[in-house]
Amino acid sequence: MKFINATTCTWHHAVGEDGPKPDPDPAPNRLLTLEQWHAVKDHWPNDLKVGIEFPNDVDIRELAPDLHRIALVVLEFPKWTDGRAYSQAHLLRIRMKFKGAIRARGEVLVDMMQLLARTGFDEVILRGDQSPVFAQKALDLFEPVGFYQGDVAETRPWFLRSAA
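Residues numbered from 1 in each chain as written. Predicted model: local features only at pLDDT ≥ 70, side-chain atom pairs only at ≥ 80, totals over all residues. Heavy atoms only, no water.

Caption draft 1: Structural view of the overall build of the protein. Scanning the protein for helices and strands turns up five helices and nine strands. Its helices and strands in sequence order give the protein the pattern β-β-β-β-β-α-β-β-α-β-α-β-α-α, from N to C terminus. In terms of overall dimensions, the protein is globule-like: its C-alpha atoms have a radius of gyration of 17 Å, near the 15 Å expected for 164 residues. By principal-axis analysis of the C-alpha atoms, the protein measures approximately 55 × 35 × 25 Å. When the 164 residues of the protein are sorted by exposure, 42% land in the buried category. Partitioning the intrachain contacts of the protein with sequence separation of at least 6 by distance along the chain shows that 46% fall at a separation of at least 24. Carbon and sulfur atoms make up 55% of the accessible area of the protein, which totals about 9400 Å². Once the 20 positive and 23 negative side-chain charges of the protein are each reduced to a mean point, those two points are 6 Å apart. (Helix = DSSP H or I, 4+ residues; strand = E, 2+ residues; numbered from the N terminus. Rg over C-alpha atoms; globule rule 2.2 N^0.38 Å. Buried < 20%, exposed > 50% of the residue type's maximum accessible area, 1.4 Å probe, protein only. Contact = heavy atoms within 4.5 Å. Areas by Shrake-Rupley, 256 points an atom, 1.4 Å probe, with all protein chains shown as cover. Lys, Arg positive; Asp, Glu negative; His and termini not counted. Charge placed at Lys NZ, Arg CZ, Asp CG, Glu CD.)

Here you go:
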């Protein structure tokens, strides 16, 4: 898992004096809202990868036709008790075969690290009061043994893995 510092992130929003630009110009490492993406995707260069901030209350399958153009999907946890982004990440990885980065942002706590990794996230921006050191320890807790159930990285349950 990669821990992202929001202030030094290489992905940048397209903002103007009055907030997000409604129709931003193409640029490398551009992080767009879903609304911005809908406004520019028809004229955005196909070879210029983009990052999309995707709300957790919208069907993730909406991105399916454009996944080949997307390098990063940022999924929101508005509350740590709201787990819809886990399902979105799982769908992106398993059903939609998304190979780009999936980032968790918002109320992301150390306690969530294992489930984030198991559902397909590979980057996180931790809530300000959370420690990356403790988050890494939470991830390392079950390594190298792993989990009994399958997940996005290893779909076979433990009993099938140990028999092979």
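Alright, that's what it looks like, and here's the rest.
Caption draft 2: Up close: the sheet that holds strand 1 (residues 2–3). As summarised here, the arrangement of the seven strands in space is 1-9-8-7-6-5-2, forming an open sheet in which the pairing is parallel. Each end of this open sheet is capped by a strand with a single partner; those strands are strand 1 and strand 2 (12–13). Seen against the sheet, helix 2 (residues 84–95) touches strand 6 (50–54), strand 7 (70–77) and strand 8 (101–106) and runs at an angle of roughly 160 degrees to strand 7. (Pairing = 2+ DSSP bridges. Axes fitted to C-alpha atoms, helices over the stretch in contact; angles between N-to-C directions.)

Caption draft 3: Spotlight on helix 4 (residues 132–140). Among all positions of helix 4, only A135, A138 and L139 are buried. Down the axis of helix 4, the buried set is contained in an arc of 100 degrees. They therefore lie on one face. Among the exposed residues of helix 4, those pointing more than 90 degrees away from its buried face are V133, F134 and K137. Against the buried residues of helix 4 lie strand 1 and helix 3 (113–119). A side-chain oxygen of the first residue of helix 4 lies 3.2 Å from the backbone nitrogen of V133; this N-cap is S131. (Arc of directions from axis to C-beta. Polar contact = N/O pair within 3.5 Å; in protein donor to acceptor, adjacent residues only side chain to side chain.)

Caption draft 4: Structural view of the nonpolar core. Core analysis: the biggest nonpolar cluster contains 37 residues, and L63, L75, F77, L92, M113, L116 and F121 have the highest contact counts within it. Contributions of two or more residues to this core are made by helix 1 (34–40), strand 6, strand 7, helix 2, strand 8, helix 3 and helix 4. Leave out the neighbours within four places in its chain, and F121 touches M1, L75, F77, A85, Y86, A89, I102, R103, A104 and L116. Listed in part, the eight residues of the second largest apolar core include I4, L31, V74 and A101. (Core = buried A, V, L, I, M, F, W, Y, C linked by side-chain atoms within 4.5 Å.)

Caption draft 5: Spatial organisation of the side chain of E123. Relative to the helices and strands, E123 resides in strand 9 (residues 123–124). Judged by its relative accessible area of 10%, E123 is buried.

Caption draft 6: Representation of helix 2 in the model. Here helix 2 spans 16 Å end to end across 12 residues, near enough to the 16 Å set by a 1.5 Å rise per residue. The secondary structure elements touched by the buried residues of helix 2 are strand 6, strand 7, strand 8 and helix 3. Just past helix 2, the residue K97 takes up positive phi, approximately 55 degrees. (Expected span 1.5 Å × (residues − 1).)

Caption draft 7: Quick peek at the side chain of D66. Its location among the elements puts D66 in the loop between strand 6 and strand 7. Residue D66 is classed as buried on the basis of its relative accessible area of 8%. Within the structure, D66 has its side chain in polar contact with the side chain of W37 (distance 3.2 Å). Every residue in contact with D66, bar those within four places of it in the chain, is listed here: W37 and K41.

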